[in-house]
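Report on the structure
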Amino acid sequence: MVEGSQSVVRESGLPAHVVALGAKGCLVFSPSEVRNYRDHLAVDDRYSHCHWLIQHNGGVFLPPWGKAEQWLLSVQHSEEDVERFLENLAVFAKALRPQPTGALATPGRAAEKMK
Amino acid sequence: MLETTHHTDDGPRLDDLIDRDERLFVERQPASAALARRAARSLAGGVTSSWQIHRPQVVWGDRGKGSRIWDVDGNEYVDLHGGYGVMLVGHAHPAIVEAVSARIARGSHFAQPTEDAAAVSEELARRFGLPLWRFANSGTEATMDAVHLMRAISGRRKILKIEGAYHGHHDSVMVAVYNGLDELGPPDRPASERSGAGIPREITDLTVVAPYNDLETLEAIVTSHEDDLAGVIVEPVMMNAGIIPPADGYLQGLRDVTRRRGLLLAFDEVKTGLTVSPGGATQRYGVTPDIVCLGKALGGGVAISAVGGTEEVMGHIVDGTYDQVGTFNGNPLAVAGSGC
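Residues numbered from 1 in each chain as written. Chains lettered and ligands numbered in written order. Predicted model: local features only at pLDDT ≥ 70, side-chain atom pairs only at ≥ 80, totals over all residues. Heavy atoms only, no water.

Further remarks concern the sheet that holds strand S4 (residues 132–136) of chain B. All names here are of chain B. Strand order in the open sheet formed by seven strands is S4-S10-S9-S8-S7-S5-S6, and the pairing between neighbours is mixed. Each of the sheet's edge strands pairs with one partner strand only, and the pair in question is S4 and strand S6 (207–210). Adjacent strand axes in the sheet meet at a mean angle of 20°, parallel and antiparallel pairs treated alike. Strand direction decides the pairing type here: strand S9 (residues 291–294) and strand S10 (residues 305–309), joined by four bridges, are antiparallel. For Cys293, the partnering residue across the bridge sits in S10 and is Val307. (Pairing = 2+ DSSP bridges. Helix = DSSP H or I, 4+ residues; strand = E, 2+ residues; numbered from the N terminus. Axes fitted to C-alpha atoms, helices over the stretch in contact; angles between N-to-C directions.)

What follows is the structure, encoded as structure tokens:
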């Protein structure tokens, strides 16, 4: 989860970094370290809301209020679950930093697979 | 409401994507929208907790199994929400189903302890290195007990909390939680700004605020209030601002400062307990406070919280100085879920 997220962030150039401890983790949409609440306030919450929406429409339910919250991996999560999250993250990254055509990436591909 | 700085080049594209995906979100969830309209006539705001309200609309749940949940429209999700960090065991885990089913078949409430309560407290003592525990029903109750204990033991009125940290919604800790920058005061002397209506200023003024990850400023603030300061409550890993880990040595520094100044130290591990390691941040960072508060993941999806402490701290419950009470404390169903 962490390595995959870091890889998408690195390859896409998203202004983000991953923070994880044990079963919990989050994407912090800031290129710099957040050390306290005032740093946190300065993070643009549109990134986390947009990411939350694209994950949701793609079949991954992250906590609402995404800027403030964290993911939780349970003892029953699988590699397949992680792959779906990473696929949606890549969709988000591509939509935000599109290829030269400028077309918005299609949302919800993972969700379509579930039908 | 959180205040943010909107200054990125991605801004226009973010706005377009949000607009597009909020429309798609709503299109996929007509049954949720219908339930929201119905519920708004009998549930205040159409939800059971204000934390359930989010853009573009509330998602109404149907069921969960393993790592997956389904909404009332039949949409399936990989659940990384976990009900705000509760479902560490996943949904409908066979061990939880068996334990809770067996318990409810034998009666679900007596307001007398059941054997599971002893077993769970023994395990918590082992994991967190604190010998004595009590149960409650929510993280809010656990941190309220912690604050009451610090005041009861010290005979002092004030507590210190960290700026931006959420410890539940009782009066003493609804201070400098989700406030905007314009309300926070100077960084080296943060304001005790209240974060909710219905809480008298006379109470919130008794809560002193310090920045996270800054021992020098914290100690200076402690000095200013030392004669009337009972203790410090802190999330060892700040978790209502994404995840902000403690700087190297910060937690040990907090332990040292509080010991040196004769203050009690409470770790609010409602979010970190069990999830960042089996013994929470206490175990992970090797720093043991006087009091630990647990909740969320403790019950495997059943509502329960706990407050644990040293012999000295919890002795004030044992001798009746502080009455830690509650009809549902240690409810048999809850400790059955916790005991798996």
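It is worth spelling out the state of the cysteines at this point. Residue and element names in this part refer to chain A. Under the criterion given, the structure shown has zero disulfides over all chains. Distance from the sulfur of Cys26, which forms no disulfide, to the nearest cysteine sulfur (Cys50) is 17 Å. On the basis of relative accessibility, which here comes to 0%, the residue Cys50 falls in the buried class. (Disulfide = S-S within 2.5 Å. Buried < 20%, exposed > 50% of the residue type's maximum accessible area, 1.4 Å probe, protein only.)

This part is about the interface of chain B and chain A. Listed as interface residues are 78 residues of chain B and, on the opposing side, 64 residues of chain A. Between chain B and chain A the total buried area reaches about 6,300 Å² when both faces are included, carbon and sulfur atoms providing 60% of it. Taken as a group, B:Arg13, B:Leu80 and B:Ile243 account for 13% of the area that chain B buries against chain A, more than any other trio of residues on that side. At the junction of chain B and chain A, the tally comes to six salt bridges. We note a salt bridge from B:Arg68 to A:Asp81, for which the minimum N-O separation is 2.8 Å. Taken together, chain B and chain A are joined by 33 residue pairs in polar contact (both at pLDDT 80 or more). Only helix H1 (11–27), strand S2 (68–71), strand S3 (76–79), helix H3 (82–85) and helix H10 (280–285) of chain B provide two or more residues apiece to the side of chain B that touches chain A. Of the residues assigned to the side of chain B that touches chain A, the class counts are 38 nonpolar, 25 polar and 15 charged. (Contact = heavy atoms within 4.5 Å. Buried area = accessible area lost by both parts, 1.4 Å probe. Salt bridge = Lys/Arg side-chain N within 4 Å of Asp/Glu carboxyl O. Polar contact = N/O pair within 3.5 Å; in protein donor to acceptor, adjacent residues only side chain to side chain. Nonpolar A, V, L, I, M, F, W, Y, C, P; charged D, E, K, R; others polar.)

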